[in-house]
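# Coordinate inspection notes
The chain contents come next:
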Amino acid sequence: MSPSISRSDLDAALPDVTSTLRFPDLSGPVEVFRDEWGIPHIKAESERDLFFAQGFVTAQDRLWHMDADRHRALGRWSEWVGESGVNRDRLLRSAGMGRIAKLDYEAASPEAKAMVDAYAAGVNAYVDTADVLPVEYTLLDERPEPWENWHCLTVYKMRNTLLGTFEAKLLRTRLAGLIGPEKLADLITGYPQGALLTVPPGAVYEGPPVDGLDDLIKAASEANWLNETDAGSNGWAISGDLTASGLPLVGGDSHRALDTPSVYYQIHLSCPEFTVIGHSVPGFPGALHFCHNEYVAWGMTHGGADTQDLFLERFRESGAGREYEFKGEWRPAEVWRETLKVRGGQDVEIEVTSTHHGPVIAGDPAEGRGVTIGDPGLDPGMKWVDSARDAMQAKSVPELHEAFSEWVDRVNNYAVADVHGNFGYLHEGKIPIRGESNGWRAVPGWSGEHEWQGYIPHSELPNAINPPEGYAVTCNQRVVGHEYPYFVGLYFSAPHRAERIITRIKEMTPRSATVDDMARIHAERISNPANLVKDALCAVEPRDDASKAAQVVLRAWDGSMDREQAAPCVYAVARSFITEWQTEHVFGDSARLFDDGVAGADAHRRLVVQAWLKALENGDDGVWPDGHDWPGILAAALQKAVAVLTERLGADMPSWKWGDIHFTAPVHPLSEVFPKMAELLDPPSVPAHGDGDTPLAGSHLLKLPYTVTGLSVNRYIFDPSDWTNSRWITPLGSSGNPGSPHYADQAEMWSNVEYIPQLWDWDEIADRAATKQRLEPV
């Protein structure tokens, strides 16, 4: 009989958040105030007690979420979800995150270890004393295992270490053999000339197009066997010269997929040593990347640095065991076996092989070949946990920069500001020093020509502190110009979002900007590419009356990807057809590799879009097959878009709404395992503004329905002149318990681009608390 739960089971699984509780691990009392959105504000008399309480409180709201990430990170997800988790488990078990996490814990300072130890003790205190557990354990007929200190590092790595470039690089290596290196080199020309850089603010890229033809030719010949292998965010800071208070402001939002529960957990932590409020990763202590303490604020975006290299390896079996070739010699490879437990199925035995480059993630070493991955996050013994702790205690932007000196992965951009008037941009993390060839493809590991030569020194990482332009904007665009002496990366996001944000900032009157002006930047939904395509669609001869009617709608449109408007529907669907046709033209039979959901496809599909947008702007018909030109392509795309939309939304074109085909679809991880329970587990869907080119993010699938795949998983505005002015919001809620009123109580406000106050003053917090709980020593 299949397990089942009811609404009453959801209610019964909620934790006790009001009773006074006593624990021998505490040295003094801890107060926990939850505000009306269920966000915990924790006040303790010592740092250790604070992190113990954070572990306890996070487990109250997110225990199953933390445990799910632990199972994923350790390659044990199939124990809960069955066969569907096996492939991911193979990768993560091979990557060895658990082994690396243990070594990183051992490398941490005594103070950082104490932070992690206290947090783990708090998690276990909840597991050992709770009368009820999250309802997911009932469905799975499981109980949580003890939370070990190194598990904290493991779940953080799960959320970040493999968030990189290796999948796109693996796909690019395969494509070089499938379609030919020349075609691929024509597509991948690097960051466009004239496009915005991050450093210095407002500067544009003036370097030459990248030329990877030689590397792609080598990829096609050296890795032809890979055909057999299965394989964005915004942040900105403005100067006090622009603000009404005279001190800088920071705003931003992190763009990721919409996980259920929300990937981040809002929290406020205070002890005599420091006070910090922001977004934490459930399972790891502190608040890391979108937060402020009493002195300094920082918001993070993905740095775009290429820190993951793929190495083609040659293996052989000898009397001494498995060996791999390096510089003409054969070295012993590390080989061990792992067993994957599969829910409802047979155990799966896997063999893991590793070289000095890293673990094998593709290929078959027993057959003499494999692909290993090199990643700073998989290097053992890194002291990044110290950076996480030190950042929370920084008292200025320069101190924050110094705190991040040991930060590893991912490489992040930070928009920063402090109470002393400093503002600007930091680029933090470990970037390997090596040649550009490593960025194009999987490189030969046996030659020794592509080895890392250490990491870019922290003092030489790009930054812009108090830039004279009066702002710093980071939207995953290229960070530095061609003259920077180190290879950082091959692919960066198009500058469209950054351009819109800078436009908004330049419209500000000096000495006038407030938190409200920062909020208007969050709400910015005009798409620069939309206006380019709109003008082109309106200029062609329509093929039918419906196309003519669509042109009327488009001409009245300003390019705003507003959920209430019809024109974004026409633009988005026409754009999808153009992208699909261009992909088929460029990649032929290999276009299937760009379907939604194919690993690494999205990055290359965005390159296709970038290429055809540039061709459209320049009136270049050469991107199409003989006999086709832009007027014909645009007219056909417009006609097909209107036909598809009429079938889906009806014939009344003015009543079409972008939000009717562009919406969130949050899915609980267990809904696929227990589909009859989806109605109880899945949060509600909401219509969404924006697309992948607007600051108000809402990237989506290539084909209808346009389910939102990348969005703002948080929005925040920090005001160093008065921290009580700060605001934030998430797309779901603070609790991971499906029966909680705070499971998705921020979703509608998030959809409306509204905020909740980020409570900071402790008197106000106590007065407005929805619940209060006291933790005391025995």
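Reference entry: report on the structure contained in this document. Just so it is clear, the structure is predicted and the values come from calculations on it, not from any experiment.

Before going further, it helps to spend a moment on unusual backbone geometry. Across the junction of Val199 and Pro200, the peptide omega takes the value -10°, indicating a cis bond. Residue Thr260 is joined to Pro261 through a cis peptide bond whose omega torsion reads -5°. Looking at where Pro261 falls in the secondary structure, it is placed in the loop between strand E5 (249-256) and strand E6 (265-271). The residue Asp141 is not glycine, and still its phi comes out positive at about 55°. Here Asn466, not a glycine, exhibits a phi torsion of approximately 50°, which is positive. Residue classification places Asn466 among the partly exposed positions, given a relative accessible area of 35%.

Our next topic: the pattern of salt bridges. In total, this model carries 36 salt bridges according to the counting rule given. The closest approach of N and O atoms between Asp241 and Arg511, which form a salt bridge, is 3.7 Å. Here Asp241 is found in the loop between strand E4 (233-238) and E5, whereas its partner Arg511 is found in the loop between helix H15 (496-506) and helix H16 (515-522), with 270 residues between them in sequence. The exposed category is assigned to Asp241, whose relative accessible area is 51%. With a closest N to O distance of 3.6 Å, Arg337 and Glu351 form a salt bridge. With Arg337 in strand E13 (residues 334-340) and Glu351 in strand E14 (residues 348-355), the pair connects residues that are 14 residues apart, well separated along the chain. The exposed category is assigned to Arg337, whose relative accessible area is 53%. The exposure class assigned to Glu351 is partly exposed, which follows from its relative accessible area of 38%.

For any two helices packed against each other, the geometry is given by the interaxial angle and the distance between the axes. One can describe the packing of helix H5 (residues 97-107) onto helix H8 (residues 149-160) by two numbers: an axis separation of 8 Å at closest approach and a directional angle of 120°. As summarised for this structure, H5 and H8 are arranged oblique, according to the angle between their axes. Where H5 crosses over H8, the handedness of that crossing is right-handed. On H8, the residues that touch Met97, Gly98, Ile100, Ala101, Lys102, Asp104 and Tyr105 of H5 are Asn149, Trp150, Leu153, Thr154, Lys157 and Met158. When grouped by side-chain class, the residues that make up the contact of H5 with H8 number seven nonpolar, three polar and three charged.

Rules behind the numbers
Residues numbered from 1 in each chain as written. Predicted model: local features only at pLDDT ≥ 70, side-chain atom pairs only at ≥ 80, totals over all residues. Heavy atoms only, no water. Helix = DSSP H or I, 4+ residues; strand = E, 2+ residues; numbered from the N terminus. Buried < 20%, exposed > 50% of the residue type's maximum accessible area, 1.4 Å probe, protein only. Salt bridge = Lys/Arg side-chain N within 4 Å of Asp/Glu carboxyl O. Axes fitted to C-alpha atoms, helices over the stretch in contact; angles between N-to-C directions. Parallel < 35°, antiparallel > 145°, perpendicular 65-115°, else oblique. Left-handed = near helix turned anticlockwise from the far one by under 90°. Contact = heavy atoms within 4.5 Å. Nonpolar A, V, L, I, M, F, W, Y, C, P; charged D, E, K, R; others polar.

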